[in-house]
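# Coordinate inspection notes
Read off the chains here:
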Amino acid sequence: INVDEPTFIYGDNKSVLANTANPGSTLKKKSAAVAYHFVRDGCARDEWRTSYINTHLNVADLFTKPLPSGEKRWRFVGMLLHHVVPKQYL
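The structure contained in this document is the topic of the report that follows. Quantities reported herein were computed from a predicted structural model and do not represent experimental measurements. (Residues numbered from 1 in each chain as written. Predicted model: local features only at pLDDT ≥ 70, side-chain atom pairs only at ≥ 80, totals over all residues. Heavy atoms only, no water.)

Looking only at helices and strands, the chain has 4 helices and 2 strands in total. The helix and strand sequence of the chain, counted from the amino end, reads β-α-α-β-α-α. Burial analysis of the chain (90 residues in total) assigns 22% to the buried set. Partitioning the contacts of the chain with sequence separation of at least 6, the portion at a separation of at least 24 is 40%. Working note: accessible area of the chain is about 7,200 Å², and carbon and sulfur atoms make up 59% of it. (Helix = DSSP H or I, 4+ residues; strand = E, 2+ residues; numbered from the N terminus. Buried < 20%, exposed > 50% of the residue type's maximum accessible area, 1.4 Å probe, protein only. Contact = heavy atoms within 4.5 Å. Areas by Shrake-Rupley, 256 points an atom, 1.4 Å probe, with all protein chains shown as cover.)

Written as structure tokens, this is what we have:
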């Protein structure tokens, strides 16, 4: 698949996002360092760009951590499904 523009990667951790843009930063954990070098290389090649998103709007939280039932969870589900499910069901 040919992609003409860079892909945006959104995150809610500002220090992590700052590390992806700073080639001189050092990381203490080897597993994190390997992942950051991969991301930095992609950013340097302009394959993707990292950007901040508020934690209350970060839909990826549904997949990465357990969320208590309630308004935040249903807001995320609604944001994920708004293209697929008719509005009266959300």
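Mapped onto the elements, Asn58 comes out in the loop between strand E2 (48-52) and helix H3 (61-64). A distance of 3.3 Å separates a polar atom in the side chain of Asn58 from a polar atom in the side chain of Asp12. (Polar contact = N/O pair within 3.5 Å; in protein donor to acceptor, adjacent residues only side chain to side chain.)

One pass over the structure, following the stated rule, counts 2 salt bridges. Residue Arg45 pairs with Glu47 through a salt bridge whose shortest N-O separation is 2.9 Å. A relative accessible area of 49% means that Arg45 is categorised as partly exposed. The residue Asp46 makes a salt bridge to Arg49 at a minimum N-O spacing of 3.0 Å. We classify Asp46 as partly exposed; its relative accessible area is 38%. The class for Arg49 is partly exposed, based on a relative accessible area of 37%. (Salt bridge = Lys/Arg side-chain N within 4 Å of Asp/Glu carboxyl O.)

So, on to the packing of aromatic side chains. The description of two aromatic rings rests on the distance between their centres and on the angle between their planes. As enumerated under the stated definition, the model contains 2 aromatic pairs in all. Relative to Tyr10, the ring of Phe8 lies with its centre 6.1 Å away and its plane at 20°, an arrangement referred to as stacked. Residue class for Phe8 comes out partly exposed when judged on its relative accessible area of 44%. Where Phe38 meets Trp48, the ring centres are 5.4 Å apart and the plane angle is 45°; that geometry is what we call tilted. Taken together, the residues Phe38 in helix H2 (residues 30-44) and Trp48 in strand E2 connect sequence positions 10 residues apart. Overall, the relative accessible area of 52% leaves Phe38 in the exposed class. Trp48 sits in the buried class, given a relative accessible area of 14%. (Phe/Tyr/Trp six-rings, centres within 6.5 Å; stacked < 30°, edge-to-face > 60°.)

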